[in-house]
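The residues making up each chain are set out below.
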Amino acid sequence: MGSIGACRQCAIKLFKDEQDTNGRLVMSCMESVRDNMYLSVNDPTAKAFRSQVIEWLMTNHPHDCAVCDEGGSCHLQDMTVMTGHTYRRFQYKKRTYKNQYLGPFINHEMNRCIQCYRCVRFYKDYAGGKDLDVFAAHDHVYFGRAQDGILENEFSGNLAEVCPTGVFTDKTLKEHYTRKWDMTMAPSICQHCSLGCNIIAGERYGELRQITNRFNGEVNGYFICDRGRFGYEFVNSINRIQQPLIRSKIPDAVDKQSLYNHLTETLSNNKVIGIGSPRASLESNFALMQLVGKENFYQGISETEAQLMRTVLDMVNSGHIHTPTLKETESADAVLILGEDVTNSAPRLALALRQAVQKKPFENAQQINIPSWHDAALREFAQQDKGALFIAYPIQTKLNEIASNSLYISPDDIARLGFAITNYLNNTAPAPGDMDDDSLNLARHIADTLKKAERPLIICGTSLCNEAIIKAASNIAFALGTEDKKASLCFVVPECNSMGLAMMQAPSLNRAAEILERGEADTVIIVENDLYRRGAKKDIDSLFDYCKQVIVLDHLHNDTTNRANVLIPVGTFAEADGTMVNNEGRAQCFFQVFMPKNENLRESWRWLDEFRQFKNGVGMEDLITPGDLMAEMVELMPQFKGAETVAPPADFRIFGQKVPREPHRYSGRTAMLANINVSEPKPPEDPDSALSFTMEGYKGMPPAPLIPFYWAPGWNSVQSINKYQAEVGGPLQGGDPGKRLFAENAVTENTFQNNIPPIFKPSPGEWLLVPLPHIFGSEELSIYTPGVAQRSPRPYIVINKHDAANLNISENDVVQVQIKEQYYYDLPAKINEELPKGLAGIPFNIPGLGGIAWPAKGVLTKASI
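**Overview of the packing of aromatic side chains**
Part 1 of the reasoning: Per the stated rule, a full pass over the model turns up 19 aromatic pairs.
Part 2 of the reasoning: Residues Tyr97 and Tyr142 carry aromatic rings whose centres are separated by 5.8 Å and whose planes lie at 55 degrees to one another, so their mutual orientation is tilted. Note that Tyr97 is positioned in the loop between helix H2 (75–82) and strand E4 (106–108) and Tyr142 in strand E6 (residues 140–144), a separation of 45 residues in sequence.
Part 3 of the reasoning: Owing to a relative accessible area of 16%, Tyr97 belongs among the buried residues under this scheme.
Part 4 of the reasoning: The exposure class assigned to Tyr142 is buried, which follows from its relative accessible area of 16%.
Part 5 of the reasoning: Relative to Phe752, the ring of Phe478 has its centre 5.0 Å away and its plane inclined at 55 degrees; by these criteria the two rings are tilted.

**Points about the side chain of Asn60**
Part 1 of the reasoning: With respect to the helices, strands and loops of the structure, Asn60 is situated in the loop between helix H1 (44–58) and H2.
Part 2 of the reasoning: Reaching out from Asn60, the side chain makes a polar contact with the backbone nitrogen of Arg95 at a distance of 2.8 Å.
Part 3 of the reasoning: Excluding its chain neighbours within four sequence positions, the residues that come into contact with Asn60 are Lys94, Arg95 and Asn111.

**Topic: the packing of helix H14 (residues 411–425) against helix H16 (residues 467–480)**
Part 1 of the reasoning: Running from amino to carboxyl end, H14 crosses H16 at an angle of 15 degrees, the nearest separation of the two axes being 8 Å. Considering the angle they form, H14 stands roughly parallel to H16. With respect to the hand of their crossing, H14 and H16 are arranged in left-handed fashion. On H16, the residues touching Pro411, Ile414, Ala415, Gly418, Phe419, Ile421, Thr422 and Leu425 of H14 are Ala468, Ile469, Lys471, Ala472, Asn475, Ile476, Ala479 and Leu480.

**Here's the deal with H1**
Part 1 of the reasoning: Compared with an ideal rise of 1.5 Å per residue, which puts 15 residues at 21 Å, H1 spans 21 Å between its outermost C-alpha atoms and is within 8% of the ideal.
Part 2 of the reasoning: The set of residues buried in H1 consists of Ala46, Phe49, Arg50, Val53, Ile54, Glu55 and Met58.
Part 3 of the reasoning: Structurally, H1 contributes buried residues whose contacts are with strand E1 (11–15), strand E2 (24–27) and H2.
Part 4 of the reasoning: Of the residues flanking the start of H1, the one acting as N-cap is Asp43, its side-chain oxygen 2.9 Å from the backbone nitrogen of Thr45.

About the criteria used
- Residues numbered from 1 in each chain as written.
- Predicted model: local features only at pLDDT ≥ 70, side-chain atom pairs only at ≥ 80, totals over all residues.
- Heavy atoms only, no water.
- Phe/Tyr/Trp six-rings, centres within 6.5 Å; stacked < 30°, edge-to-face > 60°.
- Helix = DSSP H or I, 4+ residues; strand = E, 2+ residues; numbered from the N terminus.
- Buried < 20%, exposed > 50% of the residue type's maximum accessible area, 1.4 Å probe, protein only.
- Polar contact = N/O pair within 3.5 Å; in protein donor to acceptor, adjacent residues only side chain to side chain.
- Contact = heavy atoms within 4.5 Å.
- Axes fitted to C-alpha atoms, helices over the stretch in contact; angles between N-to-C directions.
- Parallel < 35°, antiparallel > 145°, perpendicular 65-115°, else oblique.
- Left-handed = near helix turned anticlockwise from the far one by under 90°.
- Expected span 1.5 Å × (residues − 1).

Below, the structure written as structure tokens:
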């Protein structure tokens, strides 16, 4: 976040030259390095000053470390110990404050504040929040909201890590509090969108307790969104599937041997297909493919989504474009977003774009010798100036507040705008007809801006279910590219492993339904996929009606598991190892956090591969590791080459030792199980990775993909991350985790996509329904966190104000929505001025609004009371 010199903890003595014996105190973070610079870090005056600063801070800081959530992992504690401030001399009354309610995610304890300003600098300046500020009167400074209320920004949870004390803490951790050094932790990957943010997951007593950010300089950097941080409670949900179940006349829980005998008989007497999932790991999808055969494996997504993903892969593999990392998007100096509400569909990307629009003004500041690290001076210079950001989307998004131009148009018209921009960039590209002068002028302006930019960035995705938008965005990127440098095109795709599943090149769920309908198969194995989220309820009901046997492996009960004849419980990301591919094509590993007490909660790939061996009469004594499975996958599917190198193999050791999942301060190993046995039991072993489930092991710095937590001597707080980096703010030592799988080949042909849709015209009596993603509510797993469910919107429909007037509908009137003459939804109306006529917006897959096959059209009528 740059330097402002607020904490005064980096004071040094700076001298004019070698003759100067007095020098002066300066804050080192506010001084540029220069030739012939004479300074002293250990000068007695500087050391005394730093120590006195801590004592000043502690005059009003409560002495409550023993009950503070940050106790033992506190930056202020680290600095207090380092400066030798052991005893308190201040004996007078301290300033006290009233705490605020800040919503379900963040707890507020203002008495611990040391006025470092980190919170408002991150929340307002970096993340774009507006409802957290600093208030002051004489010697009282208060950091909070104008009044109690939920913090509105999607990145408020980062305050718990940004704050150097315990003012802002994780409220979800407080619900089942554990000291941070008493948790078993492992490196993992966020499951809630396609960006693949790196996280650390912590467990205690068999329950997931906390998610924190895991630094990856190429992906999420220091920050993650609130959905990724707090959406973990599905792991602890009472809705978990606990036992294998065979449903006959009387459903019965069975053991593994009985289950395998039943499955062997079922699969021997029936024609079987497998349905994969974009939220299952590569290993799980591949294990299912190996069990049923490649020709019998299907993606488990709708044909619309499958076609969109095929188009994305075609664009990526064409050699025309560069898919940027999240770090690279922060450096873009001109951005065009076509058809995506990035804040809700890929939140961490939206945070990166907020930094991108500041790049150009900050670069201009360097022309008058303001250094790039001088945060306050840069912002004073830039004021409200922003870099170029253009957004085309049906309704207003949160990023529109920082956009240069916003265009509210239909999905087809967004694609047409993209084709028009391409034509201005390269007149050999196809151009749409019948565009009005205003749209053409805007297209010309955007084209000129992108062409002049040094680092232009185009963003599009699958949210509006419109293939033409993706092709138009690809055309723009191709037209901007040169022989020396390809233009950057960032794709937003639906789920955490959508890209990996698409790379397997299997048919869609619709093709699987056709196979079942024709009687070419009668049994289906579904892995970690609720099919009722993939299409219309009637169509999914029909698919199941054609099945003699439905075998489902999943970790939560849902509408699909309710249709299962055989139900098998599987581990979540916290109880499993696996690999996923994010939106940029980066393969990344997540590791098992803890060994669940319930032995049935195993990785879905382990169930499937073990059953494959059982079915084939192979002994199961030497079960394969995920690394073995990945190596087999790479051999059969060369497009995944490189994924097997993402993390060190299971037999990796450092000086003969594994990497411990538990910090050396971990406590209570005997006491926590004393009710079972007063002797400490043998810890579980992990044959699948180079990590151990104990505190014993290599105490030094492990390879970046295996870092389970951050700690360094003297640094118990999250600030210890600096010790793991090549330089502060730079990559991790040894390189950031992950392996990009898409090779950027040389351009072999110069052809533009030519699929220009006609201009959108409203159909009388019928509306085009567009899905509106929500960061809280649209994603399947995070909704099990009570705080996320609280933040999720209630079902609604957005309609244009002229359409509302024609239907005699006012705000909050109930609208009846009829889709395909079959489905009826009664939804309260939200009147919107920007939304084009003939369009209506419905929240995507929030509770109560599932079972819609997108894209959809519907008939709207005012509901009678």
